[in-house]
Amino acid sequence: MAPTRLAVAREAGPLNNDIVYEVLRRVDPVTLATASCVSSGIKSMTEDEAMWEKCCNERWPSTKDPEPMVRDEDEYGMKDCDAWWDDEDDLESHEPSDLSPSNLISIVDVVYNGKSVFSRTVQGIPGADDFLGWFSNCPFRIDLLKSPEEEDERGHEAQAPVLVTDGLPSITSVEKERKDGKFWKALWDNMRVSWILINKKTKQMANLASWRPLGGLRHWPCDEDFLIRFGSILPANRDSLCSAVQCNIVMKCRFSNLDVGETVNTTLRLTELSMQLEDMGGAHVNGKDSLAILHKALNCPKSRAHVEVLNSYHQYLKVQSELKEKKIRHEGRLDTAAVVSGIGVFVFICYFII
(Lines give C-alpha, C1' and ligand atoms only; values in the text may rest on other atoms or scores of the structure.)
Protein backbone atom coordinates (compact mmCIF):
# COMPACT_ATOMS: atom_id res chain seq x y z
CA MET A 1 0.00 0.00 0.00
CA ALA A 2 1.41 3.37 -1.01
CA PRO A 3 1.96 5.90 1.78
CA THR A 4 -0.51 8.77 2.03
CA ARG A 5 0.49 12.40 1.59
CA LEU A 6 -0.01 13.02 5.30
CA ALA A 7 2.32 10.16 6.18
CA VAL A 8 4.96 11.46 3.80
CA ALA A 9 4.64 14.95 5.29
CA ARG A 10 5.01 13.61 8.83
CA GLU A 11 8.06 11.57 7.83
CA ALA A 12 9.67 14.57 6.16
CA GLY A 13 9.18 16.67 9.30
CA PRO A 14 8.44 20.39 9.53
CA LEU A 15 9.57 22.60 6.68
CA ASN A 16 12.34 25.10 7.15
CA ASN A 17 11.12 28.63 7.77
CA ASP A 18 13.15 29.95 4.85
CA ILE A 19 11.37 27.54 2.50
CA VAL A 20 7.96 28.54 3.83
CA TYR A 21 8.89 32.21 3.45
CA GLU A 22 9.95 31.70 -0.19
CA VAL A 23 6.67 29.88 -0.90
CA LEU A 24 4.63 32.70 0.65
CA ARG A 25 6.49 35.27 -1.45
CA ARG A 26 5.18 33.61 -4.62
CA VAL A 27 1.48 33.30 -3.82
CA ASP A 28 -1.32 35.72 -4.63
CA PRO A 29 -2.69 38.16 -2.02
CA VAL A 30 -5.82 36.08 -1.29
CA THR A 31 -3.77 32.95 -0.63
CA LEU A 32 -1.34 34.98 1.47
CA ALA A 33 -4.15 36.33 3.63
CA THR A 34 -5.61 32.83 4.01
CA ALA A 35 -2.24 31.37 4.99
CA SER A 36 -1.88 33.95 7.76
CA CYS A 37 -4.76 32.20 9.57
CA VAL A 38 -3.05 28.79 9.67
CA SER A 39 -0.68 29.36 12.56
CA SER A 40 1.01 32.08 14.55
CA GLY A 41 4.36 31.30 12.94
CA ILE A 42 3.04 31.76 9.40
CA LYS A 43 1.09 34.82 10.51
CA SER A 44 4.32 36.47 11.67
CA MET A 45 5.88 35.74 8.25
CA THR A 46 2.92 37.24 6.38
CA GLU A 47 3.30 40.48 8.34
CA ASP A 48 6.43 41.23 6.34
CA GLU A 49 5.75 44.55 4.58
CA ALA A 50 8.04 43.68 1.67
CA MET A 51 5.90 40.63 0.92
CA TRP A 52 2.72 42.70 0.63
CA GLU A 53 4.55 45.42 -1.28
CA LYS A 54 5.52 42.81 -3.87
CA CYS A 55 1.87 41.71 -4.19
CA CYS A 56 0.78 45.32 -4.50
CA ASN A 57 3.34 46.09 -7.20
CA GLU A 58 2.32 43.03 -9.20
CA ARG A 59 -1.36 43.93 -8.96
CA TRP A 60 -0.86 47.67 -9.55
CA PRO A 61 2.43 48.31 -11.40
CA SER A 62 2.00 52.09 -11.00
CA THR A 63 2.86 51.73 -7.29
CA LYS A 64 6.43 50.73 -8.16
CA ASP A 65 7.34 54.41 -8.63
CA PRO A 66 6.93 56.13 -5.25
CA GLU A 67 7.95 59.63 -6.44
CA PRO A 68 4.48 61.04 -7.24
CA MET A 69 3.14 59.62 -3.98
CA VAL A 70 5.43 61.79 -1.84
CA ARG A 71 5.83 64.82 -4.07
CA ASP A 72 4.05 67.21 -1.69
CA GLU A 73 4.94 65.47 1.53
CA ASP A 74 6.05 68.61 3.34
CA GLU A 75 3.03 70.61 2.20
CA TYR A 76 0.46 68.12 3.47
CA GLY A 77 2.51 66.53 6.21
CA MET A 78 2.17 62.93 5.08
CA LYS A 79 4.59 61.87 7.83
CA ASP A 80 2.38 63.38 10.55
CA CYS A 81 -1.04 62.94 8.94
CA ASP A 82 -2.38 61.17 12.07
CA ALA A 83 -2.46 64.56 13.80
CA TRP A 84 -5.29 65.79 11.55
CA TRP A 85 -7.94 63.95 13.53
CA ASP A 86 -8.33 62.84 17.13
CA ASP A 87 -10.28 59.69 16.46
CA GLU A 88 -10.63 57.36 13.48
CA ASP A 89 -14.40 57.88 13.64
CA ASP A 90 -13.79 61.49 12.60
CA LEU A 91 -13.06 60.24 9.10
CA GLU A 92 -16.79 60.00 8.48
CA SER A 93 -17.36 63.61 9.56
CA HIS A 94 -15.23 65.26 6.86
CA GLU A 95 -17.21 67.73 4.80
CA PRO A 96 -17.01 67.76 0.97
CA SER A 97 -15.23 71.11 1.22
CA ASP A 98 -12.27 69.28 2.78
CA LEU A 99 -11.77 67.34 -0.45
CA SER A 100 -9.52 69.66 -2.38
CA PRO A 101 -8.28 68.57 -5.84
CA SER A 102 -4.72 68.79 -4.55
CA ASN A 103 -5.51 66.16 -1.90
CA LEU A 104 -6.32 63.50 -4.49
CA ILE A 105 -4.04 60.86 -5.95
CA SER A 106 -5.02 58.66 -8.89
CA ILE A 107 -3.32 55.30 -9.30
CA VAL A 108 -4.20 54.01 -12.77
CA ASP A 109 -3.20 50.70 -14.34
CA VAL A 110 -4.16 49.10 -17.65
CA VAL A 111 -3.36 45.39 -17.97
CA TYR A 112 -3.83 43.04 -20.90
CA ASN A 113 -3.59 39.32 -20.22
CA GLY A 114 -1.33 39.95 -17.23
CA LYS A 115 0.95 42.42 -19.05
CA SER A 116 1.17 46.00 -17.83
CA VAL A 117 0.22 48.24 -20.75
CA PHE A 118 -0.12 51.61 -19.04
CA SER A 119 0.68 52.73 -15.49
CA ARG A 120 0.54 56.20 -14.04
CA THR A 121 0.26 57.89 -10.66
CA VAL A 122 -1.27 61.36 -10.89
CA GLN A 123 -0.99 63.93 -8.14
CA GLY A 124 -4.15 66.04 -7.84
CA ILE A 125 -6.42 66.75 -10.80
CA PRO A 126 -4.66 68.07 -13.93
CA GLY A 127 -5.83 71.57 -14.81
CA ALA A 128 -7.64 72.17 -11.51
CA ASP A 129 -5.31 74.95 -10.32
CA ASP A 130 -8.07 77.52 -10.63
CA PHE A 131 -10.35 75.69 -8.22
CA LEU A 132 -12.70 78.61 -7.58
CA GLY A 133 -12.86 79.58 -11.26
CA TRP A 134 -13.57 77.54 -14.37
CA PHE A 135 -12.98 74.15 -12.71
CA SER A 136 -16.02 74.44 -10.41
CA ASN A 137 -18.44 75.24 -13.23
CA CYS A 138 -17.01 73.31 -16.17
CA PRO A 139 -17.57 69.59 -16.82
CA PHE A 140 -15.29 67.41 -14.72
CA ARG A 141 -12.84 65.36 -16.79
CA ILE A 142 -9.44 63.75 -16.28
CA ASP A 143 -7.37 62.88 -19.36
CA LEU A 144 -4.37 60.65 -18.75
CA LEU A 145 -3.36 59.85 -22.31
CA LYS A 146 -3.81 62.28 -25.16
CA SER A 147 -1.78 60.55 -27.89
CA PRO A 148 -0.27 57.09 -28.48
CA GLU A 149 3.23 58.59 -28.70
CA GLU A 150 2.99 60.42 -25.38
CA GLU A 151 6.02 60.19 -23.10
CA ASP A 152 6.25 60.34 -19.34
CA GLU A 153 8.23 62.85 -17.27
CA ARG A 154 11.41 60.81 -17.71
CA GLY A 155 11.16 60.79 -21.49
CA HIS A 156 10.14 57.14 -21.67
CA GLU A 157 7.22 55.89 -23.70
CA ALA A 158 4.07 56.21 -21.59
CA GLN A 159 2.64 52.86 -22.63
CA ALA A 160 3.75 49.43 -23.76
CA PRO A 161 2.10 48.19 -26.97
CA VAL A 162 0.15 44.95 -26.90
CA LEU A 163 1.68 42.42 -29.29
CA VAL A 164 0.74 39.06 -30.74
CA THR A 165 3.18 37.45 -28.31
CA ASP A 166 1.00 38.80 -25.47
CA GLY A 167 -1.94 36.73 -26.68
CA LEU A 168 -3.38 39.36 -29.02
CA PRO A 169 -5.10 37.81 -32.08
CA SER A 170 -4.08 39.01 -35.51
CA ILE A 171 -6.54 40.87 -37.72
CA THR A 172 -6.07 39.79 -41.30
CA SER A 173 -9.05 41.80 -42.53
CA VAL A 174 -11.59 44.14 -40.97
CA GLU A 175 -14.45 42.37 -42.74
CA LYS A 176 -13.52 39.06 -41.13
CA GLU A 177 -13.23 40.70 -37.73
CA ARG A 178 -16.69 42.21 -38.10
CA LYS A 179 -18.11 38.71 -38.62
CA ASP A 180 -16.30 36.57 -36.07
CA GLY A 181 -15.32 39.30 -33.54
CA LYS A 182 -12.30 37.30 -32.37
CA PHE A 183 -10.19 40.39 -31.73
CA TRP A 184 -13.02 42.17 -29.89
CA LYS A 185 -13.64 39.11 -27.71
CA ALA A 186 -9.95 39.00 -26.79
CA LEU A 187 -10.09 42.64 -25.70
CA TRP A 188 -13.24 42.03 -23.71
CA ASP A 189 -11.83 38.96 -21.93
CA ASN A 190 -8.29 40.18 -21.25
CA MET A 191 -8.31 43.99 -20.94
CA ARG A 192 -8.44 45.22 -17.34
CA VAL A 193 -8.43 48.76 -15.93
CA SER A 194 -7.94 49.88 -12.34
CA TRP A 195 -8.45 53.54 -11.32
CA ILE A 196 -7.85 53.93 -7.58
CA LEU A 197 -8.65 57.33 -6.10
CA ILE A 198 -6.93 58.22 -2.83
CA ASN A 199 -7.54 61.12 -0.48
CA LYS A 200 -4.11 61.42 1.07
CA LYS A 201 -5.43 63.73 3.78
CA THR A 202 -8.02 61.30 5.17
CA LYS A 203 -6.29 58.05 4.10
CA GLN A 204 -9.39 56.93 2.21
CA MET A 205 -9.42 55.19 -1.15
CA ALA A 206 -11.78 53.60 -3.65
CA ASN A 207 -11.40 51.87 -7.01
CA LEU A 208 -13.63 53.78 -9.43
CA ALA A 209 -13.10 51.31 -12.26
CA SER A 210 -14.95 48.04 -12.72
CA TRP A 211 -11.68 46.21 -13.53
CA ARG A 212 -13.55 44.34 -16.26
CA PRO A 213 -15.34 46.07 -19.18
CA LEU A 214 -18.93 47.22 -18.82
CA GLY A 215 -19.55 48.04 -22.49
CA GLY A 216 -17.97 49.36 -25.62
CA LEU A 217 -18.01 49.91 -29.36
CA ARG A 218 -15.88 48.19 -31.98
CA HIS A 219 -14.69 49.78 -35.21
CA TRP A 220 -15.66 53.24 -33.97
CA PRO A 221 -15.10 55.93 -35.14
CA CYS A 222 -12.79 54.22 -37.66
CA ASP A 223 -12.29 50.58 -38.61
CA GLU A 224 -9.06 50.39 -36.62
CA ASP A 225 -10.49 51.89 -33.41
CA PHE A 226 -12.10 50.23 -30.41
CA LEU A 227 -13.79 51.91 -27.46
CA ILE A 228 -14.16 50.12 -24.11
CA ARG A 229 -16.02 51.50 -21.11
CA PHE A 230 -15.20 50.81 -17.48
CA GLY A 231 -16.44 52.54 -14.37
CA SER A 232 -18.90 52.31 -11.50
CA ILE A 233 -22.13 53.76 -10.15
CA LEU A 234 -21.61 56.35 -7.42
CA PRO A 235 -24.16 57.75 -4.96
CA ALA A 236 -25.01 61.41 -5.51
CA ASN A 237 -25.89 64.04 -2.95
CA ARG A 238 -29.34 64.07 -1.43
CA ASP A 239 -30.09 67.57 -2.73
CA SER A 240 -29.25 66.47 -6.29
CA LEU A 241 -31.91 65.69 -8.88
CA CYS A 242 -30.29 62.30 -9.48
CA SER A 243 -29.76 59.77 -6.71
CA ALA A 244 -26.77 58.24 -8.52
CA VAL A 245 -24.24 59.14 -11.19
CA GLN A 246 -22.05 57.07 -13.47
CA CYS A 247 -18.29 57.23 -13.25
CA ASN A 248 -17.52 56.69 -16.92
CA ILE A 249 -13.94 55.58 -17.63
CA VAL A 250 -13.36 55.45 -21.38
CA MET A 251 -10.41 53.71 -23.01
CA LYS A 252 -9.84 54.02 -26.75
CA CYS A 253 -7.32 51.87 -28.58
CA ARG A 254 -6.21 51.39 -32.18
CA PHE A 255 -4.63 48.44 -33.92
CA SER A 256 -2.09 48.43 -36.72
CA ASN A 257 -0.75 45.60 -38.87
CA LEU A 258 2.80 44.88 -39.93
CA ASP A 259 3.32 42.33 -42.68
CA VAL A 260 6.28 40.06 -41.95
CA GLY A 261 6.56 37.68 -44.85
CA GLU A 262 3.35 35.68 -45.03
CA THR A 263 2.34 36.45 -41.44
CA VAL A 264 0.54 39.53 -40.10
CA ASN A 265 1.64 40.97 -36.77
CA THR A 266 -1.07 43.06 -35.11
CA THR A 267 -0.11 45.72 -32.57
CA LEU A 268 -2.51 47.52 -30.23
CA ARG A 269 -1.92 50.94 -28.68
CA LEU A 270 -4.02 53.11 -26.41
CA THR A 271 -5.14 56.43 -27.87
CA GLU A 272 -7.18 57.79 -24.96
CA LEU A 273 -7.85 57.12 -21.30
CA SER A 274 -10.23 59.47 -19.51
CA MET A 275 -12.70 59.67 -16.66
CA GLN A 276 -15.92 61.70 -16.35
CA LEU A 277 -19.01 61.74 -14.17
CA GLU A 278 -22.41 61.69 -15.86
CA ASP A 279 -25.89 62.02 -14.36
CA MET A 280 -28.91 59.98 -15.40
CA GLY A 281 -29.76 62.50 -18.07
CA GLY A 282 -26.37 61.98 -19.73
CA ALA A 283 -25.10 65.43 -18.75
CA HIS A 284 -21.54 65.81 -17.49
CA VAL A 285 -21.23 66.80 -13.83
CA ASN A 286 -19.22 69.96 -13.12
CA GLY A 287 -16.07 70.06 -11.03
CA LYS A 288 -17.65 71.32 -7.81
CA ASP A 289 -20.38 68.67 -7.74
CA SER A 290 -17.93 65.98 -8.84
CA LEU A 291 -15.70 66.59 -5.84
CA ALA A 292 -18.70 66.24 -3.52
CA ILE A 293 -19.69 62.97 -5.24
CA LEU A 294 -16.15 61.61 -5.06
CA HIS A 295 -16.05 62.52 -1.38
CA LYS A 296 -19.20 60.49 -0.81
CA ALA A 297 -17.82 57.59 -2.87
CA LEU A 298 -14.75 57.42 -0.64
CA ASN A 299 -17.01 57.07 2.41
CA CYS A 300 -19.72 54.74 1.08
CA PRO A 301 -19.62 50.91 1.38
CA LYS A 302 -17.56 49.14 -1.29
CA SER A 303 -17.56 45.70 -2.86
CA ARG A 304 -14.98 43.52 -4.59
CA ALA A 305 -17.63 41.37 -6.29
CA HIS A 306 -17.83 42.11 -10.00
CA VAL A 307 -21.36 40.68 -10.08
CA GLU A 308 -22.56 43.42 -7.74
CA VAL A 309 -20.90 46.04 -9.94
CA LEU A 310 -22.66 44.65 -13.01
CA ASN A 311 -26.00 44.52 -11.19
CA SER A 312 -25.74 48.14 -10.08
CA TYR A 313 -24.69 49.16 -13.60
CA HIS A 314 -27.60 47.34 -15.26
CA GLN A 315 -30.03 48.72 -12.68
CA TYR A 316 -28.71 52.21 -13.37
CA LEU A 317 -29.19 51.74 -17.12
CA LYS A 318 -32.72 50.47 -16.52
CA VAL A 319 -33.68 53.52 -14.44
CA GLN A 320 -31.96 55.79 -16.95
CA SER A 321 -33.94 54.23 -19.80
CA GLU A 322 -37.20 54.62 -17.87
CA LEU A 323 -36.45 58.29 -17.23
CA LYS A 324 -35.72 58.84 -20.92
CA GLU A 325 -38.99 57.17 -21.92
CA LYS A 326 -40.87 59.23 -19.35
CA LYS A 327 -39.26 62.40 -20.68
CA ILE A 328 -40.15 61.46 -24.28
CA ARG A 329 -43.78 60.80 -23.31
CA HIS A 330 -43.94 64.10 -21.44
CA GLU A 331 -42.51 66.00 -24.40
CA GLY A 332 -44.96 64.18 -26.68
CA ARG A 333 -47.89 65.30 -24.55
CA LEU A 334 -46.58 68.86 -24.60
CA ASP A 335 -46.25 68.74 -28.39
CA THR A 336 -49.80 67.38 -28.69
CA ALA A 337 -51.13 70.09 -26.40
CA ALA A 338 -49.29 72.73 -28.40
CA VAL A 339 -50.73 71.44 -31.68
CA VAL A 340 -54.26 71.28 -30.27
CA SER A 341 -53.92 74.78 -28.84
CA GLY A 342 -52.67 76.09 -32.18
CA ILE A 343 -55.57 74.52 -34.02
CA GLY A 344 -58.02 75.94 -31.48
CA VAL A 345 -56.60 79.43 -31.83
CA PHE A 346 -56.68 79.14 -35.63
CA VAL A 347 -60.35 78.02 -35.60
CA PHE A 348 -61.24 80.78 -33.15
CA ILE A 349 -59.62 83.45 -35.36
CA CYS A 350 -61.25 82.06 -38.49
CA TYR A 351 -64.68 82.10 -36.77
CA PHE A 352 -64.44 85.80 -36.01
CA ILE A 353 -63.11 86.67 -39.47
CA ILE A 354 -65.93 84.86 -41.20
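Note that the structure is a prediction, hence the values are computed from the model and not measured.

1. Brief notes about the UniProt feature "transmembrane region" (unreviewed entry) in the protein
Logical step 1: Listed under "transmembrane region" (unreviewed entry) in the UniProt record, and renumbered for this structure, are residues 334-353.
Logical step 2: From the first C-alpha to the last, residues 334-353 spans 28 Å; its make-up is 100% helix and 0% strand.

2. Comments concerning helix H11 (residues 306-353)
Logical step 1: Between its terminal C-alpha atoms H11 stretches 70 Å, which fits the 70 Å expected from 48 residues at 1.5 Å a residue.
Logical step 2: When we look at burial in H11, the residues that qualify are His306, Val309, Tyr313, Tyr316 and Gln320.

3. Describing the confidence of the model for the protein
Logical step 1: In the predicted model, the protein carries a mean pLDDT of 79, and the fraction of residues at 70 or more is 79%.
Logical step 2: At the level of individual helices and strands, the protein shows its lowest average pLDDT in helix H6 (residues 73-76), which scores 34, and its highest in helix H9 (residues 182-190), which scores 94.
Logical step 3: Predicted confidence is poor over residues 1-13, with pLDDT under 50, and the contacts of this stretch with residues over four places away or in other chains come to one contact.

4. Things to note about the side chain of Asp166
Logical step 1: The topology assignment puts Asp166 in the loop between strand S3 (141-145) and helix H8 (174-180).
Logical step 2: Here Lys115 takes part through its side chain, which lies 2.8 Å from a polar atom of the side chain of Asp166.
Logical step 3: For Asp166, the side chain forms a polar contact with the main-chain nitrogen of Leu163, separated by 2.9 Å.
Logical step 4: Beyond its immediate sequence surroundings of up to four residues, Asp166 is in contact with Tyr112, Asn113, Lys115 and Pro161.

Reading guide: rules and limits
Residues numbered from 1 in each chain as written. Predicted model: local features only at pLDDT ≥ 70, side-chain atom pairs only at ≥ 80, totals over all residues. Heavy atoms only, no water. UniProt positions renumbered as here; feature names shortened; annotations may be inferred. Helix = DSSP H or I, 4+ residues; strand = E, 2+ residues; numbered from the N terminus. Expected span 1.5 Å × (residues − 1). Buried < 20%, exposed > 50% of the residue type's maximum accessible area, 1.4 Å probe, protein only. pLDDT = per-residue confidence, 0-100. Contact = heavy atoms within 4.5 Å. Polar contact = N/O pair within 3.5 Å; in protein donor to acceptor, adjacent residues only side chain to side chain.

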